[in-house]
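# Remarks on the overall topology
Below are the chains, spelled out letter by letter.
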Amino acid sequence: MGIHIKLSKPSLNTPLEIPLLIIFGGESNSGGLAPNSSATTLELSSRSEIKLFKNDTQDGFYNLDIGVNNLVGHVGLQYVATTAHGWELQLANRIALGDLPNFTYVVKGGQGGSTAAMWIEGATYTAESNTVSPFNEFITRVNKARNLITLEKGVAPKLVLFWSQGINDRGIGTNQTIFKNAQKSIFNAIRTSLRYKIPIIMTSFEFVTGIDMSTVNTKIYEIENEMDDVYAISTTGANTIPDGYHTNYLGTKQVSNSLIDKYLTIV
């Protein structure tokens, strides 16, 4: 007489693990100019903690590899594509520590040297002999990454946006009203295009030296107060590279930690 083994079926009520898609957007600080020469050997190795969207082929994800693939498709920073990094380095470290899910995906959607006006839907700009529409390219990358994750995991990911914009807008005018209104419009357009009320965490610019960013910072905190699920983080104390406009290795880690810590308070 044969032995019959009854195989149990997974419960329909068993919750699926929800993947996390973290999106970087804005100007060059969202790409990063922190020198790779300051990073550790481990930090410069191929990191499976982050699945980084392939900005070039847009058909899958890389294991994060600082100096190899972390600045692919970031116009304005191709001259440091092999020598610099951004928030993704410390993000990988925090995932390794267990502070974030080990199924975290990242889209780097920023463009170096861009102003808020260049991020209005359909607008274009040129840097390093490349012409791109920052908003349109951003939405394309995010939607393709989201679809790929959903196919792979069987469930749509949660989204969060880490944003840095305003350092290139400092010359618009002393009241910065143009910058503020454009930035609010961009955030609304992103949410409309993604059909998702994405939480947005944006940096301020206390770290910048040599120029007065106080009016820009004031408008950033006003945006936080005036929009739902938009948060601003202080960057006071973050050190910079010699240009005074971009955070260095330790400063980039500080800002990345602040972005992550804020996210962990709102989930």
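Residues numbered from 1 in each chain as written. Predicted model: local features only at pLDDT ≥ 70, side-chain atom pairs only at ≥ 80, totals over all residues. Heavy atoms only, no water.

Now for the overall build of the protein chain. Looking only at helices and strands, the protein chain has 5 helices and 11 strands in total. Going through the 267 residues of the protein chain one by one, you find that 53% of them count as buried. Taking as baseline every contact in the protein chain between residues at least 6 positions apart, the subset at least 24 positions apart corresponds to 72%. Summed over all atoms, the accessible surface of the protein chain reaches about 12000 Å², with 53% contributed by carbon and sulfur. Where the 21 positive side-chain charges of the protein chain centre and where its 23 negative ones centre are 8 Å apart. (Helix = DSSP H or I, 4+ residues; strand = E, 2+ residues; numbered from the N terminus. Buried < 20%, exposed > 50% of the residue type's maximum accessible area, 1.4 Å probe, protein only. Contact = heavy atoms within 4.5 Å. Areas by Shrake-Rupley, 256 points an atom, 1.4 Å probe, with all protein chains shown as cover. Lys, Arg positive; Asp, Glu negative; His and termini not counted. Charge placed at Lys NZ, Arg CZ, Asp CG, Glu CD.)

Moving on, we get to the confidence of the model for the protein chain. Mean pLDDT over the protein chain stands at 92; residues scoring 70 or higher make up 92%. Confidence drops under a pLDDT of 50 for residues 3-14, and excluding neighbours within four residues, the segment shows 0 contacts in the predicted structure. (pLDDT = per-residue confidence, 0-100.)

This brings us to the side chain of Asn 55. Secondary-structure assignment places Asn 55 in the loop between strand 3 (46-53) and strand 4 (61-65). A distance of 2.9 Å separates the side chain of Asn 55 from the backbone oxygen of Val 72, its partner in a polar contact. Polar contacts involving the side chain of Asn 55 include one to the main-chain carbonyl oxygen of Lys 108, which spans 3.0 Å. Other than its neighbours up to four places away in sequence, Asn 55 contacts Val 72, Gly 73, Lys 108 and Arg 141. (Polar contact = N/O pair within 3.5 Å; in protein donor to acceptor, adjacent residues only side chain to side chain.)

What follows deals with the pattern of salt bridges. This model, assessed by the stated rule, comprises 12 salt bridges. Across the pair Lys 253 and Glu 43 runs a salt bridge whose closest N-O atoms are separated by 2.8 Å. Pair noted here: Lys 253 is in helix 5 (residues 249-266) and Glu 43 is in the loop between strand 2 (34-35) and strand 3, with a separation of 210 residues, a long-range link. Lys 253 sits in the buried class, given a relative accessible area of 18%. (Salt bridge = Lys/Arg side-chain N within 4 Å of Asp/Glu carboxyl O.)

Glancing now at the nonpolar core. Ile 22, Ile 23, Leu 91, Phe 138, Phe 162, Trp 163 and Ile 190 are the most contacted members of the largest nonpolar core, which totals 64 residues. With 7 residues, helix 3 (residues 177-194) is the single largest residue contributor to this core. What Phe 162 contacts, discounting residues up to four positions off in sequence, is Ile 22, Ile 23, Phe 24, Gly 25, Trp 87, Ile 201, Leu 259, Ile 260 and Tyr 263. In terms of nonpolar packing, the next biggest core, distinct from the first, is built from 7 residues, Leu 33, Leu 71, Ala 84 and Ile 241 among them. (Core = buried A, V, L, I, M, F, W, Y, C linked by side-chain atoms within 4.5 Å.)

One turn of an α-helix holds 3.6 residues; hence residues three or four places apart share an orientation. Its 18 residues give helix 3 an end-to-end C-alpha distance of 26 Å, which sits within 8% of 26 Å, the value for a rise of 1.5 Å per residue. Where the residues of helix 3 are buried, they touch helix 2 (134-153), strand 9 (158-164), strand 10 (200-203), helix 4 (214-226) and strand 11 (230-233). Residue Arg 195 follows helix 3 closely and has a positive phi angle near 50°. (Expected span 1.5 Å × (residues − 1).)

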